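As a plain string of letters, each chain reads:
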Amino acid sequence: MSNTPTGYLTAEELSIQNHICVLPCGDLSEVDTIDWSKEDLEYYQYYFIDGKPVDTMFRAFIFNPIQMRKDYYIQVMHSGIGKPARNNDWQLAIDHLFKENVNLSALAQNTRVGDKTDIWVTIPYPNPLQENFGVVLGNKLDFTNETDQIKAIQWWIDSFIMRWEKETHLHDALSFKGFVWQRSSINASDENLVKETNDYIHNRGFLALWLFTYGSSGCVEWSDFKFDAACANPNYYGNTNIDINWIKNSTAFASHYHTGMQIIYGKGKLFNDTHIYDYLNLGISHGYMNNSLVVFQFPSQTMKMILNNDLVAYIQIYSFIKKTYQHYPYTGISY
């Protein structure tokens, strides 16, 4: 890591759009959406005032397949409560992404003529508990075997790219940038798998992105794993024993190891009503509003829900994206 530049990683370095928004597909939360409609996505792509879109908002998205059919989980974090995904689940993820009038098609239809929306997709993780993935290119795959894991990932990447190249009607509005590794930590058993995957992504001409949790396995060595970009999740939600110092510590890490940052604004038991302002306020005082690649995640809510239920937060998120946000004094916390 000694040759890695310091300071936050920026979108400009990679020639990509900043402020990337993660869209979970088939989540287990109240927002259990597999197919994002034009209306759903319009509230992410544009800033609304009085029911009308008046400015752009997010111009880059990550589609993250979690569950395409009931109880079969592509996202390994959920596999303990269901069954590991099989080959048809991985194929369904691609089919849904390219489904007419939703997801990629909906983003393209919403994108104004002359503009481009950046697209990323998360690679399904080959769960080593899955011994019977199914047949791929004539081979019966067993994910207890790393060679079979690599075959499955390469097959899926090729299948997605082939479909993307076929759907030429999307290309004027969308720019496909690359693939995202799904797990937020990299254990020793996955190190070679990740390197092989990222080499393959680069050979196909695309970028590799990792969304890691601050302090997780592998985050110090992120560039050694051949990722083009990585962004730190401070793991701060407001209603846990992890306080805002974790955001501050994450910024120190991100600046030293040259990564971007993540902002998490969710709803539910883990989240309090003001944690979003800690992220936004620290974005000013610790420099990531103006100087970093930033990825947003909105667990258990959508932008339309935020607009309808928390207008102040909605306005402040928009101003942060536009780099006009000013410290919001909701509390006496010193930043």
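These numbers come from a predicted model, not from an experiment. (Residues numbered from 1 in each chain as written. Predicted model: local features only at pLDDT ≥ 70, side-chain atom pairs only at ≥ 80, totals over all residues. Heavy atoms only, no water.)

What follows deals with the packing of aromatic side chains. Counting across every chain of the model gives 36 aromatic pairs. The interplanar angle of 35 degrees and the centroid separation of 5.9 Å between the aromatic rings of Trp90 and Phe143 together place this pair among those described as tilted. In this pair, Trp90 sits in helix H3 (residues 87–97) while Phe143 sits in the loop between strand S10 (139–141) and helix H5 (146–166), placing the two residues 53 residues apart along the sequence. With relative accessibility at 1%, the residue Trp90 sits in the buried group. An aromatic cluster of at least three residues, connected via ring pairs, comprises Tyr8, Trp36, Tyr44, Phe58, Phe61, Tyr265, Tyr288, Phe296, Phe298, Phe320 and Tyr325. The side chain of Arg69 reaches across the aromatic face of Tyr72, ending 3.7 Å from its centre. Taking NZ or CZ as reference, Arg183 lies 5.0 Å from the ring centre of Tyr125, over its face. (Phe/Tyr/Trp six-rings, centres within 6.5 Å; stacked < 30°, edge-to-face > 60°. Helix = DSSP H or I, 4+ residues; strand = E, 2+ residues; numbered from the N terminus. Buried < 20%, exposed > 50% of the residue type's maximum accessible area, 1.4 Å probe, protein only. Lys NZ or Arg CZ within 6 Å of the ring centre and 35° of its normal.)

In this section: the pattern of salt bridges. One pass over the structure, following the stated rule, counts 10 salt bridges. Among the salt bridges present, the one from Glu39 reaches Lys304, with a minimum N-O distance of 2.7 Å. With a gap of 265 residues between them, Glu39 in helix H2 (residues 38–45) and Lys304 in helix H10 (residues 303–309) connect regions that are remote in the sequence. Its relative accessible area of 42% is what places Glu39 among the partly exposed residues. Residue Glu167 is joined to Arg163 by a salt bridge in which the shortest nitrogen-to-oxygen separation is 2.9 Å. (Salt bridge = Lys/Arg side-chain N within 4 Å of Asp/Glu carboxyl O.)

A barrel is described by the order of its strands in space; here eight strands give the closed sequence S1-S4-S8-S11-S12-S13-S14-S15, paired in parallel fashion. Strand-to-strand twist of the sheet, defined as the mean angle between neighbouring strand axes without regard to direction, takes the value 30 degrees. For strand S1 (residues 20–25) and strand S4 (residues 60–65), the ladder comprises six bridges, and the chain directions are parallel. Directly across from Leu23, in S4, lies its bridge partner Phe63. Its contacts with the sheet place helix H4 (residues 103–110) against S4, strand S8 (117–122) and strand S11 (174–181), and it is angled at close to 165 degrees to S4. Strand contacts of helix H8 (residues 275–285): strand S13 (229–233) and strand S14 (260–264), with the helix running at about 155 degrees to S14, the strand carrying the most contacts. (Pairing = 2+ DSSP bridges. Axes fitted to C-alpha atoms, helices over the stretch in contact; angles between N-to-C directions. Contact = heavy atoms within 4.5 Å.)

Next up on the list: the sheet that holds strand S7 (residues 83–84). Reading across from one edge, S5-S6-S7 is the order of the three strands in this open sheet, with mixed pairing throughout. For this open sheet the edge positions go to strand S5 (67–69) and S7, each flanked by a neighbour on one side alone. Alignment of S5 against strand S6 (residues 72–73), held across two bridges, turns out to be antiparallel. If you follow Gln67 over to S6, its bridge partner there is Tyr73.

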